[in-house]
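Structural description and commentary
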Protein chains: 2
Amino acid sequence: MVLVGFGTVGQGVAESIARKNAMIKARFGEDIRIVAAFDSRTLASNKNGLDPMVLISRKIEKGKLGKTRTVEIREMLPSIDYDVMVEMTPTNINDGEPGLGHIKAALSQGRHVVTSNKGPLALKFREISKLAKKSGVSLRFEASVGGATPVINLTTELLVCEKICSIRGILNGTSNYILDRMESESMEFEAALKEAQQMGIAEADPSYDIDGIDSACKVAILANAIMKKDVTVHDVERAGIRGITLDAINLALQENKVVRLIGEVSERGVEVSPRLIPRGHPLGIGGTRNIFQMITDLAGEVTVAGRGAGRLETASAIISDLVAILKEDGLAKKG
Amino acid sequence: MVLVGFGTVGQGVAESIARKNAMIKARFGEDIRIVAAFDSRTLASNKNGLDPMVLISRKIEKGKLGKTRTVEIREMLPSIDYDVMVEMTPTNINDGEPGLGHIKAALSQGRHVVTSNKGPLALKFREISKLAKKSGVSLRFEASVGGATPVINLTTELLVCEKICSIRGILNGTSNYILDRMESESMEFEAALKEAQQMGIAEADPSYDIDGIDSACKVAILANAIMKKDVTVHDVERAGIRGITLDAINLALQENKVVRLIGEVSERGVEVSPRLIPRGHPLGIGGTRNIFQMITDLAGEVTVAGRGAGRLETASAIISDLVAILKEDGLAKKG
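Residues numbered from 1 in each chain as written. Chains lettered and ligands numbered in written order. Predicted model: local features only at pLDDT ≥ 70, side-chain atom pairs only at ≥ 80, totals over all residues. Heavy atoms only, no water.

Before going further, it helps to spend a moment on the domain arrangement of chain A. All names here are of chain A. Domain annotation of chain A identifies domain 1 (2-147 + 312-334) and domain 2 (157-309). On a C-alpha basis, the centroid separation for the pair domain 1 and domain 2 is 28 Å. Counting from both sides, the interface comprises 16 residues of domain 1 and, opposite them, 22 residues of domain 2. Carbon and sulfur atoms supply 65% of the area buried between domain 1 and domain 2, which totals about 1,500 Å² over both sides. At the boundary of domain 1 with domain 2, the tally comes to three salt bridges. Measuring nitrogen to oxygen at the nearest pair gives 2.9 Å for the salt bridge that ties R140 to E157. At the junction of domain 1 and domain 2, the tally comes to six residue pairs in polar contact (both at pLDDT 80 or more). Sorting the residues of the side of domain 1 that touches domain 2 by element identifies α5 (118-123), α6 (125-135) and α13 (311-329) as the ones contributing at least two each. (Domains from an automatic or database assignment. Contact = heavy atoms within 4.5 Å. Buried area = accessible area lost by both parts, 1.4 Å probe. Salt bridge = Lys/Arg side-chain N within 4 Å of Asp/Glu carboxyl O. Polar contact = N/O pair within 3.5 Å; in protein donor to acceptor, adjacent residues only side chain to side chain. Helix = DSSP H or I, 4+ residues; strand = E, 2+ residues; numbered from the N terminus.)

Written out as structure tokens, the structure reads:
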């Protein structure tokens, strides 16, 4: 396996592999071997396997993994003997790079890809999923939507006989935290946003979260992956929570409802917008959780929720995809 | 496949097979063939397959499926050529019969079993799961806990690398409906129970639901299946909702909390009891839904919710188990 990207998520994956590898070997007959790891500027590689905990401490102590790269990652890949790429570089919703290039290079080489990177999936879903199909390899991306919440694998692997009529949910923990605080503490939007920024829940530039851009990326991915649509983030009708006042929230509470930023994909289209949700409805949850509700023909409705972000939480989704590939075709022999 | 039990759930399974068989054949290469169907007194069989919609209309019109049986179902099984038994007779928590006998007979013959019947699982889990293992066949029971909610398959198949530290949830829709109505309509317990009985949500004798017996069966099954414990329904510490007053619910609301009947399995043990849940917490949902929250080491928490009962909802869980077996070893050739 090759790790591309060694920030929070990459380090979480390395730690999770260190913690779970003995169990994985006992259960599936093979463990997961890291033959190369890239951060933004450097590279560590060893065809016999790198110690994941050594990688983490080197990154923390020296700020890098190893030798400075002189060429692009995609050009170095053909000389590495690996089975799976885990792509975890930061999301870029302008052109998807550099993740898109990494993913296309690996798929073209006939390597499986697991990714947490929303950019390539929200911009070029059909192109890269066709490439994976053509190469006969897996493209898995549970971590790109909902963090630890297994919404994609639940829907595609367990609800196999259900017709999925629609999916809606809370896809951004930061926005939900702000709405929840406005409601429970009677705070105005600006005060709740400031609190979220002080707690490290919201970024200094909060637009990506509160204007619904992050939610729009995720709902586009769900639309493509589960509802077999062919959309990009630009096709999503989008409204954020900047205009939500405390008055509006209090008015909703009087009717026993809460305001939530809901992403939805249905026959009508793909959209992100603030909506009124009855108290006691599953989608009325608070905190930074993500939640997804699928409306289906037999089950009626199935809801799944979990932590939408976090080092080990995102790693958890990546590990579940890696193990699915391991089960499917025994990856570990070559790395 | 053999259907044992042809009440609400059995008819839901037959209808679901009729609706989904073309899709199942297209997707998995084989369809599901019903070679025999038993109700409490009669039997229909055809080694070339029975039409599921004809079975349903015959049952509705004539109150029976076919010829009156003269011997026990378990004695007739050896003469039938089948691969999977779907056991859907009513739950009996005294001795698990007749379901327990049917399940043991099928497993001993080397046939897979899919069941919605809580009795055998809440009383004799280890015995029948050992028997399945010895015979090298599958024993699947997603429908026995949470109706359409895929809690068992989600946990055992998707959260494979997670250490499951505890599971808690709302396992009985009738109790939750009563608590929800007391809270939202300021009704006393007796009035809410009466309303639930009039609506067909609660039975004339409501003890099984409101005293937590149904929840205790389900939490025992989860303890055995997911947490690898060895318990029966009798090992569950149990308190129901009969003693919950409107005063208690209003007091909780003042602290922004709701009262819910929670089943929990953890290192501390297995129990069912009313608890205070903060508003906005996933477990604070209303209505007749069932919900389950798993606390794990990497993902942190994963919650899944769905409809806990209903004809097609329960059938949905059974069909998902049947398809899992079909995927595992191509069941359909022999029925």
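Residue and element names in this part refer to chain A. Applying the stated criterion across every chain, the model contains two aromatic pairs over all chains. With centroids separated by 5.5 Å and ring planes inclined at 85°, the aromatic side chains of F125 and F141 adopt a geometry described as edge-to-face. Of the two residues, F125 is situated in helix α6 and F141 in the loop between β7 (139-140) and α7 (151-158); the sequence distance between them amounts to 16 residues. For the pair shown, F125 and F141 are each scored as buried. Of note, R111 hangs over the ring of Y82, and the distance from its end group to the ring centre comes to 5.0 Å. (Phe/Tyr/Trp six-rings, centres within 6.5 Å; stacked < 30°, edge-to-face > 60°. Buried < 20%, exposed > 50% of the residue type's maximum accessible area, 1.4 Å probe, protein only. Lys NZ or Arg CZ within 6 Å of the ring centre and 35° of its normal.)

A word on the pattern of salt bridges. This model, assessed by the stated rule, comprises 43 salt bridges over all chains. R275 of chain B is the partner of E264 of chain B in a salt bridge, and the nearest nitrogen-oxygen pair spans 3.0 Å. Here E264 of chain B is found in strand β10 (residues 257-266), whereas its partner R275 of chain B is found in strand β11 (residues 269-278), with 11 residues between them in sequence. Overall, the relative accessible area of 22% leaves R275 of chain B in the partly exposed class. Ionic contacts of the salt-bridge type, sharing partners, join the residues E15, R19, K20 and R311 of chain A together with D297 of chain B into one network.

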